[in-house]
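The primary structure of each chain is shown beneath.
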Amino acid sequence: NVIYQLERLPLMAAVTIHGAVLYTGYLAVYLINGWLEQGSGPILVFSAVFVVGYLFIWALIYAVTRRRTKRLNGLLQKRNQA
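Residues numbered from 1 in each chain as written. Predicted model: local features only at pLDDT ≥ 70, side-chain atom pairs only at ≥ 80, totals over all residues. Heavy atoms only, no water.

Look at helix H2 (residues 11-32) against helix H3 (residues 40-81): their axes get within 11 Å of each other, and the N-to-C directions meet at 140°. Between H2 and H3, the interaxial angle falls into the category oblique. Relative to H3, H2 is oriented so that their crossing is right-handed. Every residue of H3 that contacts H2 at Leu11, Val15, His18, Gly19, Leu22, Tyr23, Tyr26, Leu27 and Tyr30 is listed here: Ile43, Phe46, Ser47, Phe50, Tyr54, Trp58 and Tyr62. Taken together, the residues that form the contact of H2 with H3 break down as 13 nonpolar, 3 polar and no charged. (Axes fitted to C-alpha atoms, helices over the stretch in contact; angles between N-to-C directions. Helix = DSSP H or I, 4+ residues; strand = E, 2+ residues; numbered from the N terminus. Parallel < 35°, antiparallel > 145°, perpendicular 65-115°, else oblique. Left-handed = near helix turned anticlockwise from the far one by under 90°. Contact = heavy atoms within 4.5 Å. Nonpolar A, V, L, I, M, F, W, Y, C, P; charged D, E, K, R; others polar.)

For H3, spanning 42 residues, the distance from its first C-alpha to its last is 60 Å, which sits close to the expected 62 Å at 1.5 Å a residue. All of the buried residues in H3 are Phe46, Ser47, Phe50 and Tyr54. (Expected span 1.5 Å × (residues − 1). Buried < 20%, exposed > 50% of the residue type's maximum accessible area, 1.4 Å probe, protein only.)

Tallied over the full model, the rule gives 8 aromatic pairs. The rings of Tyr23, Tyr26, Tyr30, Trp35, Phe46, Phe50 and Tyr54 are connected pair by pair, giving a single aromatic cluster. (Phe/Tyr/Trp six-rings, centres within 6.5 Å; stacked < 30°, edge-to-face > 60°.)

From the geometry alone we can't say anything about function, so treat these as descriptive.
Written out as structure tokens, the structure reads:
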């Protein structure tokens, strides 16, 4: 979460770094614990599922946050005009 608080870092760079760190951590844990078979096939399937899931969840959270921010900004504008 700290990565998103760095204002100089572009949003897509922060998303890429965050996703890469999560992916690496999950992949390592899955391989070490034997939850994922070693080999290119299982790793490719895991990677595809991870990327799709990560992007879906990130887009959902982004949309909700953007909607709430827009609503709050509208309320502030009404308050300032009064």
